[in-house]
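# Tertiary structure, described
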Amino acid sequence: MHVELESIAKSFGSSCVLRGVDLTVESGSLVTLLGPSGCGKTTLLRILAGFLHPDAGKVLFGGQRVEALPPYRRGAAMVFQSYAIFPHLTVADNVAYGLKARGVGRAEREARVRDILAKVRMSGYEARMPSQLSGGQKQRVGLARALVIRPDLLLMDEPLSNLDATLRIEMREEIRLLQRDYGITTIYVTHDQEEALAISDKVALMNSGIIRQYGTPTDLYHHPQHVIVAEFIGRSNLLDGEIRLDLGIPALVGSGGGRLAGPEFLGRLSAATPVRIAFRPEAAAVLEAFDAAGSDGIACNLVLASFLGAHCQVRLAVDQGGEVELRVPGTHPVMSSASGSRWRLHPDPAGLHLFSPKDGKVLAS
Ligand SMILES: Nc1ncnc2c1ncn2[C@@H]1O[C@H](COP(=O)(O)OP(=O)(O)OP(=O)(O)O)[C@@H](O)[C@H]1O
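Quantities reported herein were computed from a predicted structural model and do not represent experimental measurements. (Residues numbered from 1 in each chain as written. Predicted model: local features only at pLDDT ≥ 70, side-chain atom pairs only at ≥ 80, totals over all residues. Heavy atoms only, no water.)

The next thing to look at is the nonpolar core. Membership of the largest hydrophobic core comes to 34 residues, with the highest contact counts inside it found for V95, L117, L143 and L154. Residue assignment for this core shows that the elements contributing at least two residues are β6 (76-79), α2 (91-101), α3 (106-119), α4 (135-148), β7 (153-157) and α5 (165-182). In terms of residue count, the dominant contributor to this core is α4 (six residues). Setting aside anything within four residues of it in sequence, one finds L143 in contact with V79, V120, M156, M171, I175 and L178. (Core = buried A, V, L, I, M, F, W, Y, C linked by side-chain atoms within 4.5 Å. Buried < 20%, exposed > 50% of the residue type's maximum accessible area, 1.4 Å probe, protein only. Helix = DSSP H or I, 4+ residues; strand = E, 2+ residues; numbered from the N terminus. Contact = heavy atoms within 4.5 Å.)

Further remarks concern the site of the ligand. Near the ligand you find F12, V17, P36, S37, G38, C39, G40, K41, T42, T43 and E158, and these make up its full shell. Backbone polar atom of G40 to an oxygen atom of the ligand: 3.0 Å apart, as the coordinates give it. Measuring from an oxygen atom of the ligand, one finds a side-chain N or O atom of K41 at 2.9 Å. (Near = heavy atom within 4 Å. Polar contact = N/O pair within 3.5 Å; in protein donor to acceptor, adjacent residues only side chain to side chain.)

Right, let's get into the packing of aromatic side chains. A complete count under the given rule lists one aromatic pair for this structure. When the ring centre of F86 is taken as reference, the NZ or CZ atom of R145 above it lies at 5.0 Å. One residue, R280, lies across the ring of Y221, its end atom 4.0 Å from the ring centre. (Phe/Tyr/Trp six-rings, centres within 6.5 Å; stacked < 30°, edge-to-face > 60°. Lys NZ or Arg CZ within 6 Å of the ring centre and 35° of its normal.)

So, on to the pattern of salt bridges. What the rule picks out here adds up to 17 salt bridges. For R140, the salt bridge is made with E170, and the minimal N-O distance between the two is 3.7 Å. Separated by 30 residues along the polypeptide, R140 in helix α4 and E170 in helix α5 bring together distant segments of the chain. According to the relative accessible area criterion, R140 is buried, its value standing at 9%. For E170, a relative accessible area of 33% gives the class partly exposed. Where E323 meets R315, a salt bridge forms, and the shortest distance between an N and an O atom there is 2.9 Å. (Salt bridge = Lys/Arg side-chain N within 4 Å of Asp/Glu carboxyl O.)

Quick look at the sheet that holds strand β2 (residues 15-25) now. Strand pairing in a sheet relies on backbone hydrogen bonds. The paired strands run either parallel or antiparallel. With respect to topology, four strands assemble into an open sheet ordered β2-β1-β4-β5, the strand pairing being antiparallel. Taken across any chain shown, the strands that pair with only one partner, and hence form the sheet edges, are β2 and β5 (64-65). Strand direction decides the pairing type here: strand β4 (residues 56-61) and β5, joined by two bridges, are antiparallel. Residue pairing for β5: F61 is matched across the bridge by Q64. Docked against the sheet, helix α1 (residues 41-49) engages β1 (3-12), β2 and β4, running at close to 120 degrees with respect to β1. (Pairing = 2+ DSSP bridges. Axes fitted to C-alpha atoms, helices over the stretch in contact; angles between N-to-C directions.)

What follows is about the sheet that holds strand β3 (residues 30-34). Spatially, six strands are ordered β6-β7-β8-β3-β9-β10 in an open sheet, and the strand pairing comes out mixed. Edge positions in the sheet fall to β6 and β10 (210-215), since each of these pairs with one other strand and no more. Looking at each pair of strands side by side, their axes are set apart by 20 degrees on average, direction ignored. Sheet topology places β3 next to strand β8 (residues 185-190); five bridges connect them, and they run parallel. Each bridged residue has a counterpart across the sheet, and for V31 the counterpart in β8 is I187.

In this model, the largest pocket occupies a volume close to 590 Å³. Around the largest pocket, the lining comprises 25 residues; the ones closest to its centre are A76, A77, M78, R102 and I149. Of all the secondary structure elements, the ones that give two or more residues to the lining of the largest pocket are β6, α2 and α4. Residues belonging to the lining of the largest pocket are distributed by class as follows: 18 nonpolar, three polar and four charged. (1 Å grid on protein atoms, 1.4 Å probe; cavity = no way out; pocket = protein on both sides within 12 Å on 5 of 7 lines; lining within 4 Å. Points joined across faces, edges and corners; volume = space filled by probe spheres on them. Nonpolar A, V, L, I, M, F, W, Y, C, P; charged D, E, K, R; others polar.)

Interhelical geometry of α3 versus α4 gives an angle of 130 degrees and a closest axis separation of 9 Å. Here α3 is positioned oblique relative to α4, judged by the angle of their axes. For the crossing formed where α3 meets α4, the hand is right-handed. When α3 is examined against α4, the residues R112, V113, I116 and L117 are found in contact with a partner set consisting of A144, L147 and V148. (Parallel < 35°, antiparallel > 145°, perpendicular 65-115°, else oblique. Left-handed = near helix turned anticlockwise from the far one by under 90°.)

Everything listed is a geometric property; what it means functionally is a separate question.
Given below as structure tokens:
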């Protein structure tokens, strides 16, 4: 089911929680609402479900406005972090509950319960009580209960946050496979960026009640449109810098004055513009032994070089303050150097993103 939100606003008392949210979710896709705690994700999901009314804006399901419809008439099912399964009913009765409420006959009910329990790999647990299940099993029952009614829209609020790390990864893959199999339009709330990247067709990154960027996981990772996105998705090194005129030619310099990129990268950015510079630890960079005669790049000290198996990581303290993290090959001389040794870092301009220190918006990338 195609879902559309237009200019959704919501306040609780004097605190404005959603400040004009627009979102389009294509039929059959999985979209995550990602963002730090308190940014309004759950509030938005509750507005979609019909548990909360927006102060302003439109909610459209399949082109029809639904703000006036109660939750049970919206064709959506919700899966909660707390499982929300009935403790006094068996697994089979929990899953059959929604079908019974919809007047589905016994034979069909039993067949559908059997099918969906097989799908979530819970066959054989029909007669168990919830108290006899592990967290992951309860979560699967919750999922089966939502899926069995074949909802047009599945709303999931941090459904995996009560599970341990291994189970979380296993379950998120199951959810993604089931969602694709059934072609159910799904809106999924999480504050775990890796989970969001792993399972989504598109991610809406929220912060302070608005969506900062909405796009595919690779879009958000490689082309952050706001400094918040660069910070929240993956890891980013952030440094202050400035665009300066260097013999009349604009150049990007770090706070220590070392040149990092030339006019080909800066486009139409004018001189004397302060910037926030971001680059990822895995972005290409040259890290060379410090030479007092050089002046380009970022002067820094080695804090720690760590061998992590699949790759090596170094932490460097920048002379002008702050730290950067970098991935290097195991053969790099920094790996056998002492903490405190002096280095000069030249991030490849291709991996740099520049943001405005004022409003956080992207200036160049
Ligand atoms: N019923 C309510 N009454 C008053 N304030 C509320 C209510 N529900 C939510 N809030 C406030 O609205 C803000 C957004 O809450 P929301 O639950 O949407 O955030 P979230 O992004 O889902 O956070 P989390 O990841 O911690 O669940 C918070 O500051 C919260 O305290």
